[in-house]
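So the chains spell out like this:
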Amino acid sequence: MIKISQDFIEYILKQYNLGKLLQEPKKLAGGLTNQSYKIVTKQGAFVVKILNNANKNKLDEIEFTEKLNELAYKNGIKSLPAIKLNNTFIQQYENINFIIYPYFDGRVILSKEIDLDKCGRLARELAKIHSLDTSKIEIPNTKQIYDDKIDFKFY
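Below: a short report on this structure. Numbers given to residues run from 1 along each chain, matching the order in which its sequence is written. The predicted nature of this model means local features are confined to residues of pLDDT at least 70 and side-chain atom pairs, given and counted, to a pLDDT of 80 or more, with totals for whole chains, interfaces and linings taken over all residues. Only hydrogens and water are removed before side-chain values are computed, so all heavy atoms of the structure are retained for them.

## Topic: the environment of Ile77
Turning to its location among the elements, Ile77 is positioned in the loop between helix H2 (59–74) and strand E4 (91–93). The rule is simple: take the accessible area with a 1.4 Å probe, protein chains only, and divide by the maximum for that residue type; under 20% is buried, over 50% is exposed, in between is partly exposed. Owing to a relative accessible area of 4%, Ile77 belongs among the buried residues under this scheme. Note on definitions: a residue-residue contact is assigned when non-hydrogen atoms from the two residues lie within 4.5 Å. What Ile77 contacts, discounting residues up to four positions off in sequence, is Ala72, Glu125, Lys128, Ile129 and Leu132. Strands here are runs of E lasting at least two residues and helices are runs of H or I lasting at least four, both read from the DSSP assignment and numbered beginning at the N terminus.

## Quick word on the packing of aromatic side chains
Each pair of aromatic rings is reported with the distance of its centres and the angle of its planes. Ring pairs shown here join Phe, Tyr and Trp side chains whose ring centres sit within 6.5 Å, with only the six-membered ring taken for Trp; geometry is labelled stacked below 30 degrees between planes, edge-to-face above 60, and tilted in between. Taken as a whole, this structure holds 3 aromatic pairs when the rule is applied. Between the aromatic rings of Phe8 and Phe98, the centroid separation amounts to 5.1 Å while the plane-to-plane angle is 80°, which identifies the pairing as edge-to-face. Linking Phe8 in helix H1 (residues 6–15) with Phe98 in strand E5 (residues 96–102), this pair joins segments that are 90 residues apart in sequence. One aromatic cluster is present, built from ring pairs that chain together Phe8, Tyr11, Tyr93 and Phe98.

## Let's talk about the pattern of salt bridges
The term salt bridge refers to a side-chain nitrogen of Lys or Arg lying within 4 Å of a carboxyl oxygen of Asp or Glu. Tallying each qualifying case throughout the model produces 7 salt bridges. The salt bridge involving Asp115 is made with Lys118; its shortest N-O contact spans 4.0 Å. A relative accessible area of 36% places Asp115 in the partly exposed class. With a relative accessible area of 29%, Lys118 lands in the partly exposed category. Through salt bridges with shared partners, one network takes in Glu70, Lys74 and Lys84.

## Let's talk about unusual backbone geometry
The residue Asn17 is not glycine, and still its phi comes out positive at about 55°. Position of Asn17 relative to the elements: it lies in the loop between H1 and strand E1 (26–27). Using a relative accessible area of 60% as the deciding quantity, one classes Asn17 as exposed. Phi angles above zero are rare outside glycine, and Asn86 is one such case at about 55°. Looking at the secondary structure, you find Asn86 in the loop between H2 and E4.

In structure tokens, the structure reads:
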């Protein structure tokens, strides 16, 4: 587990021009492989998502996903893209790869709250995503590795 250090926070504040930290970083719950921290500055609230070092071979895929997310947002689809710095989403500090997002104070919808209206809204957003022109986004040259024990026909 990577511990968020004062030097790391100061680096982020300077690189992203976020101003002064107004409260101590708070570790957020959730995330199986990555750690996320909420930081509050004079510029607003942000999430620092520290990418698990085990995912280093997936950085190109993560960057690709963020490019798609940005494209969706620019086309009016409800998404929350990461903040781009030096024309890339994934940043590095020493041996730490990370992404920064604006903080969104939302809540999980409980299964008992899901109804046809919510499903319809979600389906419309999904349809918009599938209609995006992604031809200008380069697909990463990665080789997907599957565990032979997974029965994909079952799924």
